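Structure assessment
Below, each chain spelled out in residue letters.
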Amino acid sequence: MTLTTSGETAVPAPVLFEASRRAIAQAAEDLWPGRGAVLGPQCPGVTSYVCQVLVEGQELYAKYSWLSSSLVSILRGARGAWADVQEALEPYVKSVDLVTRRELQHLEFLQQLGRPRVCETAGFRRGVLFTRAVAGSTVAEELAVRPWDTAPLLDSVLLSLRELHGEQGARYLRQAWPINERSVVDVFSRKFRGPAAVRYIARLGRGRLVGDERLAVVDLLGNAVRRLLRLTSAIRPRQRTAVFGDLKPEHVYLSGHRLTFIDPALQWAAGPEPDVAKLFGRALLLGFCHHELRAERQITEGVVSVLSQHSQSVSRGDRTDRAARLREVMVLWLMDTVNILSTCLSAPADLPLTSNQLALVAEAHRIAAVVERVSGLLVGSASGLSLLDAVFHEVEHSALDLR
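Residues numbered from 1 in each chain as written. Predicted model: local features only at pLDDT ≥ 70, side-chain atom pairs only at ≥ 80, totals over all residues. Heavy atoms only, no water.

Labelled according to an unreviewed UniProt entry, the protein chain appears under the name Aminoglycoside phosphotransferase domain-containing protein, originating from Streptomyces durocortorensis.

Okay, structure coming up:
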């Protein structure tokens, strides 16, 4: 894979976005002919093209995936020039393993399962997935305004996933296509294994960071990546537990006491650790990017509390297994943090990012320093709760030193 992170993009963003909107408009016309579907502006993000669609006053969201790759990768040339992307698109849209088709199947299964509650599907055509808008605010938004409630908010999210993490979820996934494109480990491997990885890391931040700050971030992330590649042995084999996959606070809505999940990417894991790692890691990033130091501390303390409780609740009586699971969560957390930070740092300037993603870029040096220091702890001999204490002591002090 050849991927550039600076200079001109291989695929012009306006061309890609306009093609996405044409595909969505045609799919909407096929599904609701003559109803005058109106497309809203593009929703910021780095993965798929998403926009609001109004059909006779009903608010829907349309998602269009480009060749199972992120928008950043397409724009930067991971799938070739625009002509190459167009040539590959038609067979991809017709394929059975189309990402949006698999997401539709996962949503339909979760709707039957009943818990977690997920957004309603509204239609699928020409590779475009339409879902109904969800009421309420995201857990990410809730964490920002009431960080003191971090522990109960995160705990309620994990509690909603118990059925999926159980036998019913595994039974479904044995007969379905997982969405491994969203796997933390698979994304990390695609980015950082192989001869192109060194060049990719060296170019991170061009156009978004400047001077010594960019070089410092590149150096810190390079050190962390080398350690994390050595720590992949901490990730246990899959094919045992179905996990939500793309679990992050932005993908869970809270309305009253009801949680509703969006954007599932069901995949195999050895246990719930990938969901725990992504949920908690993204919550920590929200804390790092919060404008109030007190809120950052409250979010961090909430994450530590729930992670400690989660660690104690699994594999009772087997201290070795419990320690291994905790280490796996931490390795996955760092991998996911490096994944999203590097994606945001390599995003072309004309790709709209969410406010949270822009905040990650603004705090890139601090986040990279935390990842580098914690990765150093993970290659040491500490384990179990002593490792947890050491890691979050480092998180708190690194954050304070660089805030």
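1. Section: helix α6 (residues 150-159)
A turn of α-helix holds 3.6 residues, and therefore any two residues three or four places apart point the same way. Residues T150, L153, L154, V157 and L158 constitute the buried set of α6. Taken end-on, α6 shows its buried residues confined to a sector of 130°, consistent with a single buried face. (Buried < 20%, exposed > 50% of the residue type's maximum accessible area, 1.4 Å probe, protein only. Helix = DSSP H or I, 4+ residues; strand = E, 2+ residues; numbered from the N terminus. Arc of directions from axis to C-beta.)

2. So, unusual backbone geometry
For the bond from R115 to P116, the omega torsion is 10°, close enough to zero to count as cis. Looking at where P116 falls in the secondary structure, it is placed in the loop between α4 (99-113) and β4 (121-125). Phi is positive for E56, which is not a glycine, with a value near 50°. With respect to the helices, strands and loops of the structure, E56 is situated in the loop between β2 (49-55) and β3 (58-64). On the basis of relative accessibility, which here comes to 61%, the residue E56 falls in the exposed class. Although it is not a glycine, L67 sits at a positive phi angle of roughly 55°. Mapped onto the elements of the fold, L67 is located in the loop between β3 and α2 (71-76). Its relative accessible area of 4% is what places L67 among the buried residues.

3. Considering the pattern of salt bridges
Oppositely charged side chains are able to pair whenever their charged atoms sit close together. Within this structure, the stated rule accounts for 20 salt bridges. Between E142 and R146 there is a salt bridge; the shortest N-O distance is 2.6 Å. Residue E142 is classed as buried on the basis of its relative accessible area of 14%. Taken together, the salt bridges that share partners define one network made up of D246, K248, K278, R282 and D336. (Salt bridge = Lys/Arg side-chain N within 4 Å of Asp/Glu carboxyl O.)

4. What to know about the packing of helix α12 (residues 273-288) against helix α13 (residues 293-313)
Running from N to C, α12 and α13 point in directions that differ by 165°, and their axes come no closer than 8 Å. It follows that α12 is roughly antiparallel to α13 by the angle criterion. As for the relative orientation of α12 and α13, their crossing is left-handed in sense. Residue-level contacts link E273, V276, F280, A283, L284, L286, G287 and F288 of α12 to E296, I299, T300, V303, V306, L307 and H310 of α13. (Axes fitted to C-alpha atoms, helices over the stretch in contact; angles between N-to-C directions. Parallel < 35°, antiparallel > 145°, perpendicular 65-115°, else oblique. Left-handed = near helix turned anticlockwise from the far one by under 90°. Contact = heavy atoms within 4.5 Å.)

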